[in-house]
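Examination of the molecular architecture
Listed here are the chains, written in short residue letters.
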Amino acid sequence: MSQLDTLKSELLAAISSAETEAALEDIRVSALGKKGCISEQMKTLGKMSPEERKTMGPALNALKTDIADAIAARKTVLEEAALEARLQSETVDVTLPLRASPADTGRIHPVSQVVDELTAIFADMGFAVAEGPDIETDELNFTALNFPEGHPAREMHDTFFFNEKEDGERLLLRTHTSPVQIRTMRTQEPPIRVIIPGRTYRCDSDQTHTPVFHQVEGLVIDKGSHFGHLKWVLEEFCKSFFEVDDIKMRFRPSFFPFTEPSMEVDIQCDRSGDEVKIGEGSDWLEILGCGMVHPNVIRNCGLDPDEYQGFAWGMGIDRIAMLKYGMPDLRDFFDADIRWVQHYGFRPLDLPTLFGGLSN
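Here we look at the overall build of the protein chain
A tally of regular secondary structure across the protein chain gives 12 helices and 10 strands. What you see for the protein chain is a C-alpha radius of gyration of 39 Å, clearly larger than the 21 Å of a compact globule of 360 residues, by over 25%. Dimensions of the protein chain, computed from the C-alpha atoms along their principal axes, are close to 115 × 60 × 35 Å. Burial analysis of the protein chain (360 residues in total) assigns 41% to the buried set.

Written as structure tokens, this is what we have:
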């Protein structure tokens with residue numbers, strides 16, 4: 001029994017002197033683990049006589065219980081001491097100002113802001129939003145839009161093509177959002193009045209061109225629309241978007257395979273200073289292309305061009321954002337520079353509305 005008393009004294013002394021939970025765990029394993037000193041003593045009970053077992057069994061169980069209780073008590077002390085030390089080292093100065101919330105620090109990208117502005121303006125005129133995939137077929141991107149095979153106008157679009165399929169078909173990244181016009185006319189009954197904002201792709205990169213850019217197109221198809229309606233829509237849009245009371249527009253003849261007649265549209269501006277001022281001065285700036293939808297396009301969508309007619313227009317979202325908000329380089333839109341977004345971005349809760357203002 002004196003041997004057990006000595007073992008108990010040594011273990012209790014080691015437990016009380018343990019300074020860390022890791023050291024205490026080492027003592028527990030050395031005493032109560034599978035190969036611990038107490039466990040080894042327990043294994044000898046089977047070799048003892050019944051009289052010795054009656055004495056040593058209870059003594060070893062009591063020793064085991066005492067050591068386990070001592071370890072648990074010491075562990076509680078060490079945990080409390082560690083918590084106290086942590087509280088002392090991790091003090092918080094409650095007088096410090098709070099960090100700004102994400103709603104205060106986050107910013108909406110100018111492209112997203114301008115898309116919301118466009119949507120608000122055209123929604124007030126009765127236009128819905130239509131969307132389509134970025135990967136298109138040659139038929140929808142070109143052929144259905146009156147670009148015949150081998151037509152030189154196809155070369156105007158520096159297209160990203162995918163590899164040919166076994167049947168010879170080649171998919172492509174859409175070069176404009178016009179394929180959505182075809183999808184809309186083939187799935188909806190006129191009258192149709194939609195705008196189509198989206199991402200487009202062309203092999204081009206410089207200060208005013210990027211391989212990825214954003215366009216918005218508009219489409220109206222019904223039985224009575226005419227060029228006067230188109231001019232009114234574009235004039236009202238420009239006045240609302242640039243937030244001016246009056247604006248002069250100039251329509252110049254041009255060529256697009258999917259419209260006839262086709263027009264380039266210039267707006268009045270003043271470029272005499274460091275910034276372009278819209279709605280004043282004697283200078284002109286081209287901002288979009290438009291025209292009456294070509295009868296072949298209407299026919300390609302399963303409609304009768306003798307019964308239905310319409311108009312369409314398209315403009316670069318990034319370009320008009322640069323023009324309105326004074327951004328000098330189109331490539332900055334895609335650099336993911338947080339400093340640029342913080343400078344040119346918009347507060348997330350300031351949603352553009354016609355009654356509250358577009359660019360709050």
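Still more to cover.
Let's talk about the environment of Lys324
Here Lys324 shows up in helix 11 (residues 317-325). Placed 41 residues apart in sequence, Lys324 and Asp283 show a C-alpha to C-alpha distance of 16 Å. Lys324 has contacts with Glu117, Phe241, Phe242, Glu243, Leu358 and Ser359, leaving out every residue within four places of it along the chain. A polar side-chain atom of Lys324 sits 2.6 Å from the main-chain carbonyl oxygen of Phe241. Within polar-contact distance, the side chain of Lys324 engages the side chain of Glu243 at 3.3 Å.

Structural notes on the packing of aromatic side chains
Aromatic ring pairs are reported here in terms of the distance separating the ring centres and the angle at which the planes meet. For the structure on display, the rule yields 14 aromatic pairs. Between Phe127 and Trp313 the ring centres are 5.7 Å apart and the planes differ by 80°, which places this aromatic pair in the edge-to-face class. Residue Phe127 is located in the loop between helix 6 (110-124) and strand 1 (128-129), and its partner Trp313 is located in strand 10 (residues 309-316); the two are separated by 186 residues in the primary sequence. Judged on exposure class, the residue Phe127 and its partner Trp313 are both buried. Between the aromatic rings of Phe256 and Phe258, the centroid separation amounts to 6.0 Å while the plane-to-plane angle is 10°, which identifies the pairing as stacked. The residues Phe256 and Phe258 share a single accessibility class, namely buried. Clustering of aromatic rings is evident, with ring pairs tying together Phe122, Phe127, Phe237, Phe241, Phe242, Phe311 and Trp313. One residue, Arg193, lies across the ring of Phe127, its end atom 6.0 Å from the ring centre. Positioned above the aromatic ring of Phe241, the side-chain terminus of Lys324 is 4.4 Å from the ring centre.

Some remarks on unusual backbone geometry
Of the consecutive residues Pro190 and Pro191, the connecting peptide bond is found in the cis state with omega at 5°. Tracing the chain through its elements places Pro191 in the loop between helix 8 (179-187) and strand 4 (192-201). A cis geometry characterises the amide bond from Glu260 onward to Pro261, with omega recorded as 0°. Looking at the element boundaries, Pro261 is found in strand 7 (residues 259-270). Of note in this structure, Asn146 is not a glycine but carries a positive phi near 75°. Along the chain, Asn146 falls in the loop between helix 7 (138-141) and strand 3 (171-173). One non-glycine residue with positive phi stands out, namely Ala336, at about 55°. Mapped onto the fold, Ala336 is located in the loop between helix 11 and helix 12 (338-344).

Regarding the nonpolar core
If you look at the biggest cluster of nonpolar residues, it comprises 48 residues, and the most contacted ones within it are Phe122, Leu234, Phe237, Ile267, Cys290 and Trp313. A per-element tally of this core places helix 9 (residues 227-242) first, with 7 residues. What Cys290 contacts, discounting residues up to four positions off in sequence, is Leu230, Leu234, Phe251, Phe256, Thr259, Pro261, Ser262, Met263, Val265, Ala312 and Trp313. With 24 residues, the next largest nonpolar core counts Phe142, Ile196, Ile221 and Phe256 among its residues.

Considerations on the pattern of salt bridges
Summed over the entire model, instances satisfying the criterion amount to 17 salt bridges. Notably, a salt bridge pairs Arg347 with Asp104, separated by 3.7 Å at the nearest N-O pair. One end of the pair, Arg347, is in the segment after helix 12; the other, Asp104, is in helix 5 (residues 102-105), with 243 residues separating them in the sequence. Look at Arg347 and you get partly exposed, because its relative accessible area is 41%. What makes Asp104 partly exposed here is its relative accessible area of 38%. Three or more residues are tied together by salt bridges with common partners; here these are Arg250, Arg252, Asp266 and Glu286.

Criteria and thresholds
Residues numbered from 1 in each chain as written. Predicted model: local features only at pLDDT ≥ 70, side-chain atom pairs only at ≥ 80, totals over all residues. Heavy atoms only, no water. Helix = DSSP H or I, 4+ residues; strand = E, 2+ residues; numbered from the N terminus. Rg over C-alpha atoms; globule rule 2.2 N^0.38 Å. Buried < 20%, exposed > 50% of the residue type's maximum accessible area, 1.4 Å probe, protein only. Contact = heavy atoms within 4.5 Å. Polar contact = N/O pair within 3.5 Å; in protein donor to acceptor, adjacent residues only side chain to side chain. Phe/Tyr/Trp six-rings, centres within 6.5 Å; stacked < 30°, edge-to-face > 60°. Lys NZ or Arg CZ within 6 Å of the ring centre and 35° of its normal. Core = buried A, V, L, I, M, F, W, Y, C linked by side-chain atoms within 4.5 Å. Salt bridge = Lys/Arg side-chain N within 4 Å of Asp/Glu carboxyl O.

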